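Single-letter residue listing:
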Amino acid sequence: MISAASDISSPVGVIAGGGAMPFAVADSLSQRGIAPVLFALRGACDPARVERFRHHWISVGQLGRATKLFRSEGCRDLIFIGTLLRPALSEIRLDWGTIRVLGRVWAAFRGGDDHLLSGIGRILEQDGFRMVGIRDVAPDILMPEGNIARAAPDAVAAADIAKGREVLGALGPFDIGQAVVVIDGHVVAVEDIEGTDGLLVRVARLREAGRIRAKSGRGVLVKAPKSGQDLRFDLPAVGAKTIEGAAKAGLAGIAVIAGHTIAADSQAMIEAADSAGLFIQGLSA
């Protein structure tokens, strides 16, 4: 992908899913003098928080309505950000604009999340829009390189981080997940459809059940984009909730890829890590 950061046009259309990330991106754009327009996905985007911004509501399956709204607002550049529970095709109410490209939509659904998002992105680009990424519109919310909390990984944790990166590199082509937990060289859990929060809950449950024998304060959550992933879509994200989950799971810290991982509220995340004694490490890509 060629960076579009120097050529971003205002306003930018933010296709907003769930969670805090769409609003962090919108705030970052506003601070740089670029107007955000949020296209809030029904059933995903927070209806209270979106009121702070110029916005329109759209539903999954309304490509025709969405493209008309994008054009009416003058949004050439679009970014998709936020969580979205993948709907079944049978649950989607299709408009004519979607029916017109139904074959391509169907092809996009026949794969993992990255395949779906990049497929929908290609459809929009063929309609004259440009899909951009976090690095283009809000680079300030990406994880920096190095340790950003007081604690730092020891030699055992560093070895676990290396093992986690190897595992994620091997799994990436299968579009399975973006996170793994490694404890003392053992891969104890891999992210699946439940996401990172669910992964950490599962590790905490395994500890409580005695299935993980290592003492608390050992092990690392490692997150990285999938190999070959289009970095405009579905970047890994961490926040204070991730740190809270890692602490409950009895881990020593988290390690993510610097420049390729979203950390929207980094101050709250650092405070949570310092309070729990966990490290946060941004790894070189």
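J.: Before we go on, may I ask you to explain the sheet that holds strand 2 (residues 36–41) in this structure?
T.: In sheet architecture, strand pairing relies on hydrogen bonds along the backbone and comes in two forms, parallel and antiparallel. With parallel pairing, five strands are arranged side by side in an open sheet as 3-2-1-4-5. Two strands in the sheet have a free side with no partner beyond their single neighbour: strand 3 (55–58) and strand 5 (130–131). For strand 1 (residues 12–16) and strand 2, the ladder comprises five bridges, and the chain directions are parallel. Each residue of the ladder has a partner; that of A16, found in strand 2, is A40. Relative to the sheet, helix 2 (residues 63–72) contacts strand 1, strand 2, strand 3 and strand 4 (77–81), its axis offset from that of strand 3 by approximately 170°.

J.: Explanation requested: the side chain of D77 in the structure shown.
T.: Within the element layout of this structure, D77 appears in strand 4. One polar contact links D77 to R76, side chain to side chain, over a distance of 3.4 Å.

J.: How do you make sense of the environment of A255 when you look at a structure like this?
T.: Along the chain, A255 turns up in strand 10 (residues 253–257). Residue class for A255 comes out buried when judged on its relative accessible area of 0%. In contact with A255, other than residues within four places in its own chain, are I161, V220, L221, V222, K223, Q281 and L283.

J.: Help me understand the sheet that holds strand 9 (residues 220–223), please; the structure alone is not making it clear to me.
T.: Pairing in this open sheet of six strands is mixed, and the strands run 6-11-10-9-7-8 from one edge to the other. Across the chains shown, the open sheet's two edge strands, defined by having one partner strand only, are strand 6 (146–147) and strand 8 (186–190).

J.: Looking at this structure, how should I read helix 2?
T.: It helps to recall that an α-helix has 3.6 residues per turn; residues three or four apart then point in one direction. Regarding helix 2, the residues found buried are L63, G64, A66, T67, L69 and F70. Positioned one or two residues after helix 2, G74 has a phi angle of 70°, which is positive.

J.: Which parts of the structure should I look at to understand the packing of aromatic side chains?
T.: Overall, the coordinates contain three aromatic pairs when judged by the stated rule. With 6.2 Å between their ring centres and 15° between their planes, F23 and F53 make a pair best called stacked. Taken together, the residues span a long stretch of sequence, with F23 in helix 1 (residues 21–31) and F53 in the loop between strand 2 and strand 3 at a distance of 30 residues. Judged on exposure class, the residue F23 and its partner F53 are both buried. Look at F39 and F70: their rings are 4.7 Å apart centre to centre, the planes differ by 85°, and that puts the pair in the edge-to-face class. Highlighted residues: F39 in strand 2 and F70 in helix 2, separated in sequence by 31 residues. Taken as a pair, F39 and F70 share a single burial class, namely buried. Members of the aromatic cluster, each reached through a chain of ring pairs, are F39, F70 and F129.

J.: How should unusual backbone geometry be read in this particular structure?
T.: A negative phi angle characterises most non-glycine residues, just as the trans form characterises most peptide bonds. A cis amide bond links S10 to the next residue, P11, at an omega of 0°. Following the sequence through the fold, P11 ends up in the segment before strand 1. The phi dihedral of D184 falls on the positive side, at around 50°, and the residue is not glycine. Within the element layout of this structure, D184 appears in the loop between strand 7 (179–183) and strand 8.

Cut-offs used in this document
- Residues numbered from 1 in each chain as written.
- Predicted model: local features only at pLDDT ≥ 70, side-chain atom pairs only at ≥ 80, totals over all residues.
- Heavy atoms only, no water.
- Pairing = 2+ DSSP bridges.
- Helix = DSSP H or I, 4+ residues; strand = E, 2+ residues; numbered from the N terminus.
- Contact = heavy atoms within 4.5 Å.
- Axes fitted to C-alpha atoms, helices over the stretch in contact; angles between N-to-C directions.
- Polar contact = N/O pair within 3.5 Å; in protein donor to acceptor, adjacent residues only side chain to side chain.
- Buried < 20%, exposed > 50% of the residue type's maximum accessible area, 1.4 Å probe, protein only.
- Phe/Tyr/Trp six-rings, centres within 6.5 Å; stacked < 30°, edge-to-face > 60°.

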